[in-house]
Amino acid sequence: MRSTKQLVGIEGREKLLSGINKMADAVKSTLGPMGRNVLIQDEYGNVKTTKDGVSVAKALYLQDELENLAASVLREVSVKTNDVAGDGTTTAMVLAQAIIKSAFHYINDKSLNAIDCKRGIDYEVEQICSYIDSIKKPITLSDEFVLESVASISTNNDPVLGKMLAQAFIAVGESGRVTVHEGKSVDTYFQKNEGISFSRGYTSSSFINNMKNRSCEFNEGCYILLVGEKITDIDSFFNFLQISQNREVKSPVLVICEDIDEKIVNLLAINKLKGIIDVCVIKSPGLNLERRDLLEDIAISVGGKVISSTEGYSFQHASIDDYGFAESIKVTDNTTTIIGGAKNAEKFEERIDVLKGQIEATEEQMLKDRITERIAKLKGGIGIIYAGGSSEFEIAEKIDRIQDGIHAVQAVLEDGIVPGGGFALLRYRSDYDLTFLKQAITAPLVQMLINSGFHKDNTSNFLDKMKTESIEVGYDIKHNVRVDNMYEHGIIDSAKVVKSALRNAGSVAGLFITTEYVIANSEYKEQY
């Protein structure tokens, strides 16, 4: 049977706010250098501890349908921020809670019109983001102290992991990729491997074999089949695929193709579920003419050959030797990482020389830049941090922190840094008359102070004093001391993370603010 709950106006907004507060209060206890851990037990009885905001948000479900509806929508703030910036999930939720709570107060007493309020928030959020852009500092791989500071903060103020992450990014270079794997011992260490990574994910979630990370991972060797056209011929494709399974040691297969018929993808998924063949399919990276070139780059990296009937080399002409091979691969919904490809060193260097020759032969700067990027990706490699620990519980918690650190470093390399600890938002000035938003954007700083031991009643005086200071002056919450230059003390935030958190918080706040009627449906069993 279906049960429906519905509320309207102030009563509906109060119920929504109750759900928002329950979700945000659980998440924001983790915020900042003095944030606390959250202990989580899943539906199977597995227990983990985490300081990762998005992990807490994903684990919390409320019994009341209307409150859970609000919590579910708010959860998307942290998930979306994590998807875009890879960090700042807790900050986004704290901002959203503060904006919604303040806006509801004014809307309920008729001081503000909901639609005008939303428009004002949208406008002011973009003004704040422009302000962030005006004060940010660009960062490169030569800024090791900054990378180390950012990584340390994001790994729950772990200087050892922070230093390791900074060194890993420097080791792989601008076009390399850093990732984290579960270690086999108590030690945590970094290892640079030859490999290649690109922005393409699996064509079907049916290929996922690691549900926790929602990824497809082959860690004990993998054949790689490269096809430079759309796969439409089921018989010839499956016949060639079967060749890889005729050896004594069967290995999974990663198929990289320009496109593939949906019926074939579904058939592969069924074969995978039945245990007939372990496979994953992705589409080749790049666009148009560049796609074939990138496929050839991958082929050189893994010791394979591109199969294409348009080039006169179809499945009927190919043999087992045309498969590439790699020690391991990892495919997520948007990235593929290939490690330890069985490349021929001589052919690999020849490929690099050919690309360098193409750079010299062209006068078009855009083309020069693209080829230079391809060379860097081929030579950059993959950095793997193996997370060690004395138990699965400890390793899982460390992996969460390392992933946060990786995302944070990627964000600062992409879009620079601003003063950290919420101080960049504290010093924003605007002539726009939206007082509650100006107060709401200080919420992350206030929460960090509370988590460090400040009494809530004392935070207002502290904020008033700090607002008048110069942009670089701040406060070291961990050591409870005022600092004259936050950059020098490594108290910094990613500009991308701050903007992403603010935009997502403003977006979901606008949704709640303009909601007048709330309906939640649920299923229940009749009792006889």
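Residues numbered from 1 in each chain as written. Predicted model: local features only at pLDDT ≥ 70, side-chain atom pairs only at ≥ 80, totals over all residues. Heavy atoms only, no water.

Q: Is there a simple way to think about the overall build of the protein chain in this case?
A: Each helix and strand counted, the protein chain has 18 helices and 19 strands in total. In terms of overall size, the protein chain behaves like a compact globule, its C-alpha atoms giving a radius of gyration of 26 Å where 528 residues would be expected to give roughly 24 Å. Taken over the C-alpha atoms alone, the protein chain extends approximately 75 × 70 × 50 Å along its principal axes. Looking at the protein chain alone, contacts between residues at least 24 apart form 76% of all its contacts between residues at least 6 apart. Carbon and sulfur atoms make up 48% of the accessible area of the protein chain, which amounts to about 25400 Å² in all. (Helix = DSSP H or I, 4+ residues; strand = E, 2+ residues; numbered from the N terminus. Rg over C-alpha atoms; globule rule 2.2 N^0.38 Å. Contact = heavy atoms within 4.5 Å. Areas by Shrake-Rupley, 256 points an atom, 1.4 Å probe, with all protein chains shown as cover.)

Q: What exactly am I supposed to notice about unusual backbone geometry here?
A: Generally, phi is negative for residues other than glycine and the peptide bonds are trans, each holding for most cases. One non-glycine residue, Asn480, lies in the positive phi region at around 55°. Within the secondary structure layout, Asn480 lies in the loop between strand S16 (474-476) and strand S17 (481-483). Residue class for Asn480 comes out exposed when judged on its relative accessible area of 53%. (Buried < 20%, exposed > 50% of the residue type's maximum accessible area, 1.4 Å probe, protein only.)

Q: Whenever I open this one, the side chain of Arg291 confuses me. Can you help?
A: Topologically, Arg291 is positioned in helix H10 (residues 288-302). Polar side-chain contacts of Arg291 include one of 3.4 Å to the backbone oxygen of Gly286. Once residues lying within four places of it in the same chain are set aside, the contact partners of Arg291 are Arg200, Glu258, Ser284, Pro285 and Gly286. (Polar contact = N/O pair within 3.5 Å; in protein donor to acceptor, adjacent residues only side chain to side chain.)

Q: Sorry if this is basic, but what is going on with the packing of aromatic side chains here?
A: Within the structure shown, the criterion is met by twelve aromatic pairs. Both rings, one in Phe240 and one in Tyr323, keep their centres 4.9 Å apart while their planes meet at 0°; by these two values the pair is stacked. Taken together, the positions of Phe240 in helix H8 (residues 234-243) and Tyr323 in the loop between strand S11 (306-307) and strand S12 (324-331) put the pair 83 residues apart, joining distant regions of the chain. The exposure class assigned to Phe240 is buried, which follows from its relative accessible area of 2%. Tyr323 gets classed as buried once you look at its relative accessible area, which sits at 5%. Between Phe462 and Tyr475, the ring centres sit 5.1 Å apart and the planes meet at 80°, which makes this aromatic pair edge-to-face. Of the two residues, Phe462 sits in helix H17 (residues 459-467) while Tyr475 sits in strand S16, which places them 13 residues apart along the sequence. Just as Phe462 is buried, Tyr475 falls in that class too. (Phe/Tyr/Trp six-rings, centres within 6.5 Å; stacked < 30°, edge-to-face > 60°.)

Q: What am I meant to see in the pairing of strand S14 (residues 382-387) here?
A: Residues in a regular strand project their side chains so that they alternate between the two faces of the sheet. The buried count for S14 comes to six of six residues, which makes it a mostly enclosed element. Side chains Ile382, Ile384 and Tyr386 project from S14 onto one buried face, and the interleaved Gly383, Ile385 and Ala387 project onto a second face that is buried too. Sheet topology note: the strand S4 (residues 177-182)/S14 ladder contains six bridges and is parallel. The residue bridging Val180 from the neighbouring strand is Ile385, located in S14. (Pairing = 2+ DSSP bridges.)

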